[in-house]
Amino acid sequence: MAITITQQPREFASVYNDMTTICSSDNTGLDSFSYIIQVYDLAGTTVLSTQRIAPEFQYGYGILNVGRILEGYLATDFFINLPNDIKANDNSFVGYTIKIGEEYEVASVLTQFLDLATFNDYAFNASLLNNRWINFDITSYEFDGVTKQFLTDAPNNQRVTIHDKGYTSYYNELQVSRFIYSTYDAAGVLIQTGVIDASTMTSKIGQCPSAPASINSVTLSSGTQPLITSAVSSYTVQAGDLDVGVSEILTFDVVDCHRGRVHFLNDLGGFDAFNFTAANKSKWEFKKDHYKQNPNRLNSNGTISFAKSDREWVQYYTNQKETLTLVSDWITDEESIWLRSMFSSPEIYLELDGEIKALKGIKQNSYDIKEFQYSELFNIEVELEFSIDNYRQRG
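Residues numbered from 1 in each chain as written. Predicted model: local features only at pLDDT ≥ 70, side-chain atom pairs only at ≥ 80, totals over all residues. Heavy atoms only, no water.

Undergrad: Any chance you could explain the overall build of the protein here in plain terms?
TA: Of regular secondary structure, the protein possesses six helices and 27 strands. A compact globule built from 395 residues would reach a C-alpha radius of gyration of about 21 Å, whereas the protein, at 28 Å, exceeds it by more than 25%. For the C-alpha atoms alone, the extent of the protein along its principal axes is close to 90 × 80 × 45 Å. Scored against the burial criterion, the 395 residues of the protein give a buried share of 46%. Taking all contacts inside the protein whose residues are at least 6 apart in sequence as the whole, residues at least 24 apart take part in 69%. Of the accessible surface of the protein, which amounts to about 20,100 Å², a share of 47% is contributed by carbon and sulfur atoms. Distance between charge centres in the protein, computed from 29 positive and 50 negative side chains, equals 15 Å. (Helix = DSSP H or I, 4+ residues; strand = E, 2+ residues; numbered from the N terminus. Rg over C-alpha atoms; globule rule 2.2 N^0.38 Å. Buried < 20%, exposed > 50% of the residue type's maximum accessible area, 1.4 Å probe, protein only. Contact = heavy atoms within 4.5 Å. Areas by Shrake-Rupley, 256 points an atom, 1.4 Å probe, with all protein chains shown as cover. Lys, Arg positive; Asp, Glu negative; His and termini not counted. Charge placed at Lys NZ, Arg CZ, Asp CG, Glu CD.)

Given below as structure tokens:
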């Protein structure tokens, strides 16, 4: 008996894309043959799922998309409350082992032969557009050079206020040792450089503070807090090995104000944030249910009283839902492309007046990507639905 693995998921695969495992056997012609594909935890000791797979009709291969199983073992990691530090995204990835066996009749008894071929790897909470996924390479996110990327598609130049909170996620396969923060005044002159020690963070995916309030709340291994002050016009964030940069440089421009900051799960499984600067507008929608009663009130003396205050319809259920409309400043082509993932994001939070509120999502079901050469100046408007209903009555 021989099992051969002909295809397995990519290294550190995006779980919401294809994670097909394909195998073959030289026993597919035997009576009652099936492949037995088992999904275990990374240690190979706990069974997460056992699948009996019939050979496909053309070549006799066993085929299973293990991503559909691993999805249920992944969540998200949204950190925002102060004080902040380097965080481990332990809910955003999962290690797994695949064990492949087979079963068929031996002397008319259905018999299993398990664990004939095996492999292990990781999957993470990413969902890539198909055209991107085809050529996706996780090594582009391994911090070993100045072109290597954080787990975000945000433009390298972002606008923040000094009160904003937020992190940026990164792939930690190479165990980055520190993050380097350099601050500049309006003339572009360096004010100071601060360093956050990341050497004790051993998780496969981590988050580093990237917004001013979050940066100012951490303990620096070098530099002076607050790192982001009113004198800072811009600052940069870069992963480092000692004093050598090993990632791309993220640049943040510090601006005066905003009317709402939206945090959203991005395509790469981390959280991005975008500020809306124009006036916001709150709208309430009400759902009401009623029952109908007889308004006539029979008195003990055998008469009926009539009054203008009599009620025939009685409201017994009231649900209040708030929708908040936010409008952005003019945005760039790069921001327009990036913000497609905000409109489709399944997990969104609103940062407003120092508080974080969970959102049901963005109400719009479509999004137009615009380019300056065709649209000149353009911005975006979002309708945010809050995730908690407010009841005045329950039926």
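Now that the structure has been shown, the text picks up again.
Undergrad: What's the story with the sheet that holds strand β1 (residues 3-7) in this structure? I'm lost.
TA: Neighbouring strands of a sheet are bound in pairs by backbone hydrogen bonds; such pairs are parallel or else antiparallel. Read across the sheet, three strands follow the order β1-β3-β6 without closing on themselves; strand pairing throughout is antiparallel. Whereas interior strands pair on both sides, the edge strands pair on one side only; in this sheet they are β1 and β6 (62-65). Along the sheet, successive strands turn relative to each other by an average axial angle of 25 degrees, direction set aside. When strand β3 (residues 20-25) meets β6, the two strands line up antiparallel, connected through four bridges. (Pairing = 2+ DSSP bridges. Axes fitted to C-alpha atoms, helices over the stretch in contact; angles between N-to-C directions.)

Undergrad: Help me out: how do you make sense of the side chain of serine 34 in this one?
TA: Its place among the elements puts serine 34 in strand β4 (residues 34-41). Contacts of serine 34, omitting those with residues within four sequence positions, involve Arg52, Ile53, Glu102 and Glu103.

Undergrad: Help me understand empty space enclosed by the protein, please; the structure alone is not making it clear to me.
TA: For the structure shown, the criterion picks out two cavities of 30 Å³ or more. In this structure, the largest cavity occupies an estimated 180 Å³ of space. Lining the largest cavity are 21 residues, with Tyr167, Ser210, Phe271, Asp272 and Ala273 positioned closest to its centre. Secondary structure elements with two or more residues in the lining of the largest cavity: β10 (157-160), β11 (167-171), β17 (250-254), β18 (260-265) and β19 (271-276). For the lining of the largest cavity, the per-class residue count stands at 11 nonpolar, seven polar and three charged. In this structure, the second largest cavity encloses a volume near 30 Å³. What lines the second largest cavity is simply Glu142, Phe143, Tyr170, Tyr171, Asn172, Glu173, Leu174, Gln175 and Val176. (1 Å grid on protein atoms, 1.4 Å probe; cavity = no way out; pocket = protein on both sides within 12 Å on 5 of 7 lines; lining within 4 Å. Points joined across faces, edges and corners; volume = space filled by probe spheres on them. Nonpolar A, V, L, I, M, F, W, Y, C, P; charged D, E, K, R; others polar.)

Undergrad: How do you make sense of the packing of aromatic side chains when you look at a structure like this?
TA: Within a pair of aromatic rings, the relevant descriptors are the distance that separates the centres and the angle that separates the planes. Here the structure, examined in full by the defined rule, presents 26 aromatic pairs. A centroid spacing of 6.5 Å and a plane angle of 15 degrees characterise the contact between phenylalanine 33 and tyrosine 104, whose relative ring orientation is stacked. One end of the pair, phenylalanine 33, is in the loop between β3 and β4; the other, tyrosine 104, is in strand β8 (residues 93-106), with 71 residues separating them in the sequence. Tyrosine 104 shares its class with phenylalanine 33; the two are buried. An angle of 40 degrees between the planes, with centres 6.0 Å apart, marks the rings of tyrosine 291 and tyrosine 316 as tilted. (Phe/Tyr/Trp six-rings, centres within 6.5 Å; stacked < 30°, edge-to-face > 60°.)

Undergrad: Looking at this structure, I do not really get the layout of surface pockets. What am I missing?
TA: Over the atoms rolls a probe the size of a water molecule, and in doing so it shows where empty space is left. When its volume is computed, the largest pocket comes out at roughly 230 Å³. Every residue lining the largest pocket is counted, 17 residues in all, and those nearest its centre are Ser127, Leu265, Asn266, Asp267 and Pro346. Here the residues of the lining of the largest pocket are counted per class, giving eight nonpolar, seven polar and two charged.

Undergrad: Please clarify how the environment of threonine 46 should be interpreted in this entry.
TA: On the secondary structure map, threonine 46 appears in the loop between β4 and β5 (47-53). Separated by 150 residues in sequence, threonine 46 and isoleucine 196 have C-alpha atoms that sit 37 Å apart. In this structure threonine 46 touches Val39, Tyr40 and Asp41, once residues within four positions along its chain are discounted.

Undergrad: In this structure, what is going on with a nonpolar patch on the surface? I would like to understand it.
TA: Together, Tyr59, Tyr61 and Ile63 line one region of the surface with nonpolar side chains, adding up to about 320 Å² of accessible area. Looking at the element boundaries, tyrosine 59 is found in the loop between β5 and β6. In this structure tyrosine 59 comes out as exposed when scored by relative accessible area, which is 59%. (Patch = residues over 30% accessible without salt bridge, like charges linked within 9 Å, V, L, I, M, F, W, Y side chains within 5 Å. Salt bridge = Lys/Arg side-chain N within 4 Å of Asp/Glu carboxyl O.)

Undergrad: Could you clarify how one ought to interpret the sheet that holds strand β7 (residues 87-88) in this entry?
TA: Pairing is antiparallel across the open sheet formed by three strands, whose spatial order is β7-β14-β11. Every interior strand has two partners, whereas the edge strands, β7 and β11, have only one. The pairing of β7 with strand β14 (residues 205-209) spans two bridges and is classified as antiparallel. In the sheet register, lysine 87 faces β14, and the bridge partner there is glutamine 207.

This is a description of form; function is not addressed.
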